[in-house]
Amino acid sequence: MSTVIPAEKKVLSENQRIANALRAGFEHKHQLCLNLISSPGSGKTTLLETTLAHLPQKDRVAVVTGDLQTENDARRLAVYGFPVQQIVTGGVCHLDGRMIERALALWPDAALDLLFIENVGNLVCPSSYDLGEAAKIVLLSVTEGEDKPLKYPSIFAKAALLIITKIDLLPYVPLDMHAIEANARQVNPSIEIIGLSCKTGQGVGTWLDWLARRRAAMLAQTSRAEV
Ligand SMILES: Nc1nc2c(ncn2[C@@H]2O[C@H](COP(=O)(O)OP(=O)(O)O)[C@@H](O)[C@H]2O)c(=O)[nH]1
Ligand SMILES: [Mg+2]
């Protein structure tokens, strides 16, 4: 008697196989890969613009950015002088491992230390697709409401870091920052949380410090594994 495996499960297990290979490749090359996930408009591209503007040109950084349509984000990010690739999914609501594999194949000789993936704007679908990243980062802007970690728990449960964006708007929106933090920690007690504004720069230093710590930890971990 044959066992019927639902199509979605098959797709996810095939994706997991590719993601495991991607992760092994990133670790082997000491590359830190971070997967940024949020609703459309929470500020992923703006955070990447701010980040790239702060990173020295000698840093070996690249960005793969996904959207349903348009190359707008890649155009915005390319001006910072680092390699950028747009993946247009043509309606698919998330990036998957195969898309990342294909994108990286276009940079066969790139010696990278840091790879940012900006996922398709969606708080649900991207959380199911491992891309081999070292960490998922979820962004939530202050205009989205403090209940989102409870309504969309999957991504908050899987993310290492929650970035609460657009905190410059706090004077204008009725939002309880403590409630967002409490809701996120209810879903994921170990999630780290940073509030920031790319408009005023408040909190950006804390984010850059987090990034520097993760880069150092990745190097230490992969060097230890080689000893
Ligand atoms: N006030 C304010 N607006 C922001 C901030 N970050 C992003 N935005 C605005 O939010 C909108 C969506 O940002 P974008 O980075 O394109 O979001 P994405 O769809 O998640 O990539 C744009 O109009 C940005 O200018 C911020 O820190 N403060
Ligand atoms: Mg974007």
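Only a predicted model underlies this, so the values are computations on that prediction, with no experimental measurement involved.

Procedures and definitions
- Residues numbered from 1 in each chain as written.
- Chains lettered and ligands numbered in written order.
- Predicted model: local features only at pLDDT ≥ 70, side-chain atom pairs only at ≥ 80, totals over all residues.
- Heavy atoms only, no water.
- Near = heavy atom within 4 Å.
- Polar contact = N/O pair within 3.5 Å; in protein donor to acceptor, adjacent residues only side chain to side chain.
- Helix = DSSP H or I, 4+ residues; strand = E, 2+ residues; numbered from the N terminus.
- Nonpolar A, V, L, I, M, F, W, Y, C, P; charged D, E, K, R; others polar.
- Buried < 20%, exposed > 50% of the residue type's maximum accessible area, 1.4 Å probe, protein only.
- Arc of directions from axis to C-beta.
- Contact = heavy atoms within 4.5 Å.
- Phe/Tyr/Trp six-rings, centres within 6.5 Å; stacked < 30°, edge-to-face > 60°.
- Donors = N, O, S within 2.8 Å, 3.2 Å for Na, K, Ca; no water.

Side note on the site of ligand 1
The environment of ligand 1 is made up of 16 residues, and the closest members are Gly41, Lys44, Thr45, Thr46 and Asp168. Within the side chain of Lys44, one N or O atom sits 2.8 Å away from an oxygen atom of ligand 1. A distance of 2.5 Å separates an oxygen atom of ligand 1 from a polar side-chain atom of Thr46. The biggest single contributor to the shell around ligand 1 is helix H2 (residues 44-54), with 3 residues. A per-class count over the shell around ligand 1 returns 3 nonpolar, 7 polar and 6 charged.

Digging into helix H4 (residues 97-105)
Those residues of H4 that sit buried are Gly97, Met99, Ile100 and Ala103. Seen end-on, H4 carries its buried residues on one side only, within an arc spanning 160 degrees. Looking at H4, the residues exposed on the side facing more than 90 degrees away from the buried face are Arg102 and Ala105. Contacts from the buried residues of H4 go to helix H1 (7-28), strand S2 (61-67), strand S3 (84-88) and strand S4 (114-118).

Quick word on the packing of aromatic side chains
All told, the structure shown has 1 aromatic pair when counted by the stated rule. Summarising the aromatic geometry, the rings of Trp207 and Trp210 are spaced 5.9 Å apart at their centres and angled 20 degrees between planes, so their arrangement reads as stacked. Of this pair, Trp207 and Trp210 both sit in helix H8 (residues 204-226), 3 residues apart, roughly one helical turn. On the basis of relative accessibility, which here comes to 2%, the residue Trp210 falls in the buried class.

Quick notes on the coordination of the magnesium ion (ligand 2)
With distances of 2.1 Å, the protein atoms coordinating the magnesium ion (ligand 2) are Thr45 (OG1), Asp73 (OD) and Glu118 (OE). When the donor residues of the magnesium ion (ligand 2) are listed from N- to C-terminus, their spacing reads T-x27-D-x44-E. You can see Asp73 sitting in helix H3 (residues 72-78) and its partner Glu118 sitting in strand S4, a full 45 residues away along the chain. The pair formed by Asp73 and Glu118 is uniform in burial state, with each residue classed as buried.

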